[in-house]
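For reference, the chains in residue letters:
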Amino acid sequence: MLRYIATRLAAAVVMAVLASLVIFLISALVPGDPVLAQLGDIAASDPATVLEWRAKWGLDLPLWERYGIFLNGLAHGDLGISIATRRPVLEDIAQYAPATLELATVSFLLAIGVGIPLGIAAAVWRDSWVDSAARIVSLLGVSSPTFWLAFIMLAIFYGWLGWAPGPGRIDPIAFPPEGPTGLFLIDAALAGDWEGWHDAAAHLVLPAVVLAAATIGLITRTTRAAMLDSLGQDYVRVARAKGLRAQVIVLRHALPNALVPVVTLGGLAYANLLAGAVMTETVFSWPGLGRYTFRSAAALDFPAIIGITMVVSATYLLVNLAVDLSYAALDPRVRR
Amino acid sequence: MSATQIVLMPAPRPRWRRRLRRYGPAWAGSALVLLWLLVALLASWISPYPPDAQDIVHRLAEPSATHWLGTDVLGRDVLSRLLHGARLSLLAGFTVVLLGAAIGIAVGVVAAWSRGLVDEALMRFTDLVLCFPPIILALAIAAALGIGATNTILAMLVVWWPKFARLARALALVQRSQEYVEAATVLGLRPIRILGRHILPNTFGPLAVLLTLDLGNAILTFAGLSFLGLGVVPPTPEWGSMVAEGRELVEQWWVATFPGLAILTVVVGFNFLGDGLRDWLDPKTRSR
């Protein structure tokens, strides 16, 4: 088992380095010029300024030398300096990551909390109104444009009804909770600041629902299909012949066997939430990685883009590894 | 009635209700998709105004008899822009999915056929692209290439083909071990002919389902990139950028709401159609 994990981790590292090479080549080959994006038209019309600027950021070195410098930095845990914010990329990411992590985790819990029970209910009461309702919910979730859903939710619950607070992580006049994690819910709870906790939680509701919408749809569909499959198996018939109660058959016999595909999808969905936060964060002015990504892309800030891609790809790879390992816990046949 | 009874013995239902359940979504999906295709084709004829005609006096006018869906910040008719926007959305969706599928299927089928080193190299490359979060990679490439529909479509293509490569390879591997392929090999047919005339047609069903479902996905992604300001150059009517223009206008809700509804209905249409196709092609999931 340990050997398996070590092999997978080594493969993940190789993939991550190859991934960095791909992004690096893309950044070198595309026609967009960060000089123009950064200096603006007027400054960029002066050749001396441009040369000095390129030299300062090492853009005048040959490509392989730049990549060498980048790899060397990476080995020392350094992702370089962001061209737009003039700060180390790793610092930027560390600053913005907690906001995204908090949002994505709450969304994910919401998505599995709604999606799995809904999928089970749809499979158990197949072809009933519950099934139809689940189908409509998942269809709308998967088909709604995230950015539009965000607008609609803000317009209705903030603009019109006034039930929810506006964009942002906390009330603009409040001080953010101080704490070790950067996750406001946990920091506020640790500090015993319940007013701050409520503020942060209230601000989380709308963006979390918007971000969860598509994932709820995917998880509901997958759970339903997997449950239908395992409810049709012989052991369910046996359990029924033994006279077991419906809850026991559904929850103890059918559900554990249906969970394997759900966990696969769930793992991917969580990694996708981290990346998919771009739209949600933009509309909700959420100071997270998604908005940072968008701003870096718009500014052609390649050190930042490479840094984010590395971090998110690494998350992807780790989540996939965790998913594969969890099979062993869920399915005894995989254990050796 | 207890849950298990329903699980194991579905109550008999009237015939029309079963038919509606089985074919209803597919019909609704086809109707929606057909409707939007017609709109895209006929946009110039059915729009009440030209898409970029400005009526400065009636800026941000509410939906009314003269402007059914209201007007935007520049006094342009939202309905006319929405109808014209169907063109680009559908065009982008079809281009990305069809080209992405063509590239992916070519890679997957070649990999499955050659096995060995070529297979390994092709699939590792596919894995490499798949390990990037698609929206972030597309965002970075689209930003680097510059604003414009063609560049955005190119950026999407880079991240779009791998899933088709994986599926096509898996399907081709299954088909490869079938007896009819062996028979064709024994008959001395050339590999390219076996691939094109025998294997591809047999993998068509699952691919068609994925293609249809994916069209909705591609339209959503394209609209999303446009919303972020990467998709189209401003005066072009496009749904994602229309939502972006109305994003701050909560009072003038019609500016952002209707283009979003247009995206939603198109995507729902493709999803219904894809689900319907799957049920139709796969007897196992029928009546589920």
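For every chain, the first residue of the written sequence is number 1, and numbering continues from 1 onward in sequence order. Going through the entries in the order they are written, you letter the chains from A and number the ligands from 1. The model is predicted, so local features are restricted to residues of pLDDT at least 70 and side-chain atom pairs to those at 80 or more, both for listing and for counting; the totals for chains, interfaces and linings are taken over all residues. With hydrogens and water set aside, each side-chain value is computed from the structure's full complement of heavy atoms.

**Some points on the interface of chain A and chain B**
Here a residue-residue contact requires only that any non-hydrogen atoms of the pair lie within 4.5 Å. Across the boundary between the two partners, chain A contributes 53 residues, which contact 53 residues of chain B. Values labelled buried area give the accessible surface lost by two parts on being combined, using a 1.4 Å probe and summing over both. In total, about 4800 Å² of surface goes out of reach between chain A and chain B, with carbon and sulfur atoms giving 75% of it. Contact with chain B buries area across many residues of chain A, yet A:Phe147, A:Trp148 and A:Phe151 alone supply 14% of it, more than any other trio. We count a salt bridge whenever a side-chain nitrogen from Lys or Arg sits within 4 Å of a carboxyl oxygen from Asp or Glu. Between A:Arg221 and B:Asp275 there is a salt bridge, with the nearest N and O atoms lying 3.6 Å from each other. Any pair of nitrogen or oxygen atoms within 3.5 Å is treated as a polar contact; in protein, a donor-acceptor pairing is required on top of that, and neighbouring residues in sequence qualify only through side-chain atoms on both sides. Our enumeration of links across chain A and chain B arrives at four residue pairs in polar contact (both at pLDDT 80 or more). Helix and strand labels come from DSSP, where a helix needs a run of H or I of at least four residues and a strand needs a run of E of at least two; each type is numbered from the N terminus. For the side of chain A that touches chain B, the elements supplying multiple residues, two or more each, are helix H1 (2–29), helix H6 (129–143), helix H7 (146–160), helix H9 (194–231), helix H11 (246–283), helix H12 (289–298) and helix H13 (302–330) of chain A. As a working rule, the residues Ala, Val, Leu, Ile, Met, Phe, Trp, Tyr, Cys and Pro are called nonpolar, Asp, Glu, Lys and Arg charged, and the rest polar, with Gly in that last group. Of the residues assigned to the side of chain A that touches chain B, the class counts are 37 nonpolar, ten polar and six charged.

**A closer look at helix H9 (residues 204–227) of chain B**
Residues and elements named next belong to chain B. Here the expected length of a helix is defined as 1.5 Å per residue gap, with one fewer gap than residues. For H9, with 24 residues, the first-to-last C-alpha span of 34 Å sits near the 34 Å given by 1.5 Å per residue. The angle separating two fitted axes, one through the seven residues that finish at a residue and one through the seven that start at it, defines the bend at that residue. Taken as a whole, H9 carries its principal kink of about 25° at Asp 214. Remark: exposure states derive from per-residue accessible area (1.4 Å probe, protein chains only) relative to the maximum for the residue type, with buried under 20%, exposed over 50%, and partly exposed in between. With 19 of 24 residues buried, H9 is to be regarded as a mostly interior element. The first or second residue beyond H9 is Gly 229, which carries a positive phi of 95°.

**Quick notes on the UniProt feature "domain: ABC transmembrane type-1" (unreviewed entry) in chain B**
UniProt positions are given in the numbering used here, feature names are shortened, and annotations may be inferred rather than shown by experiment. As recorded in UniProt, the feature "domain: ABC transmembrane type-1" (unreviewed entry) lies at residues 86–274 of chain B. Taken end to end, residues 86–274 of chain B is 83% helix and 0% strand, and its first and last C-alpha atoms sit 20 Å apart.

**Thoughts on unusual backbone geometry**
Residues and elements named next belong to chain A. The phi dihedral of Asp 127 falls on the positive side, at around 70°, and the residue is not glycine. Along the chain, Asp 127 turns up in the loop between helix H5 (89–124) and H6. Positive phi is not limited to glycine here, since Ser 285 has a value of about 45°. You can call Ser 285 partly exposed: its relative accessible area is 33%.

**Here's the deal with the nonpolar core**
Note that soluble globular proteins tend to have their nonpolar side chains buried in a common cluster. Of all hydrophobic cores here, the largest spans 107 residues; its most connected members are A:Phe147, B:Trp36, B:Leu82, B:Leu139, B:Trp160 and B:Trp239. In contact with A:Phe147, other than residues within four places in its own chain, are A:Met279, A:Val283, B:Ala223, B:Gly224, B:Phe227, B:Gly240, B:Val243 and B:Ile263. With 20 residues, the next largest nonpolar core counts A:Ala123, A:Ile216, A:Met227 and A:Val262 among its residues. Residue types Ala, Val, Leu, Ile, Met, Phe, Trp, Tyr and Cys, when buried and joined through side-chain atoms within 4.5 Å, form a set referred to as a nonpolar core.

**Brief notes about the side chain of A:Ser296**
All names here are of chain A. Mapped onto the fold, Ser 296 is located in helix H12. At a separation of 2.6 Å, a polar atom in the side chain of Ser 296 contacts the main-chain carbonyl oxygen of Tyr 292. For Ser 296, the contacting residues outside a window of four places in its chain are Asp 301, Ala 304, Ile 305 and Ile 308.

**Section: the packing of aromatic side chains**
We call Phe, Tyr and Trp rings a pair once their centres come within 6.5 Å, taking the six-membered ring for Trp, and we label the pair stacked below 30 degrees between planes, edge-to-face above 60, and tilted otherwise. The full count for this structure, using the stated rule, is ten aromatic pairs over all chains. Centroid distance B:Phe94 to B:Phe270: 6.1 Å. Interplanar angle 80°. Geometry classified as edge-to-face. Placement of B:Phe94 in helix H3 (residues 78–114) and of B:Phe270 in helix H11 (residues 254–281) is noted, with a sequence separation of 176 residues between them. In this structure B:Phe94 comes out as partly exposed when scored by relative accessible area, which is 28%. Note on geometry: a ring has a charge over it if NZ (lysine) or CZ (arginine) is within 6 Å of the ring centre and within 35 degrees of the ring normal. Positioned above the aromatic ring of A:Phe184 is the side chain of A:Arg169, whose terminal nitrogen or guanidinium carbon lies 3.6 Å from the ring centre. Of note, B:Lys163 hangs over the ring of B:Trp160, and the distance from its end group to the ring centre comes to 4.4 Å.

**What about a nonpolar patch on the surface?**
Residues and elements named next belong to chain A. Residues enter patches when they are more than 30% accessible in relative terms and free of salt bridges; like-charged ones are connected within 9 Å and nonpolar ones (Val, Leu, Ile, Met, Phe, Trp, Tyr) within 5 Å. For accessible areas, the Shrake-Rupley method is used with a probe of radius 1.4 Å. Any residue's cover is judged against the shown protein chains and nothing else. Where nonpolar side chains cluster on the molecular surface, the patch consists of Val 14, Leu 18, Leu 21, Leu 25 and Leu 63 and spans about 360 Å² of accessible area. The leading source of residues in the nonpolar patch is H1, at four residues. Given the relative accessible area of 31%, Leu 63 is considered partly exposed.

**Considering the UniProt feature "transmembrane region" (unreviewed entry) in chain B**
All names here are of chain B. Mapped onto this structure's residue numbering, the UniProt feature "transmembrane region" (unreviewed entry) falls at residues 26–46, 90–114, 134–161, 207–233 and 253–274. For residues 90–114, helix accounts for 100% and strand for 0%, while the C-alpha atoms at its two ends are 35 Å apart. Annotated as 95% helix and 0% strand, the span residues 253–274 places its first and last C-alpha atoms 32 Å apart.

**Overview of the environment of B:Leu137**
Topologically, B:Leu137 is positioned in helix H5 (residues 134–145). What makes B:Leu137 buried here is its relative accessible area of 3%. The spacing of B:Leu137 and B:Ala101 is 36 residues in sequence and 18 Å in space, taken between C-alpha atoms. Ignoring sequence-local partners within four residues, the contact set of B:Leu137 consists of A:Ile23, A:Ile26, B:Phe132 and B:Val159.

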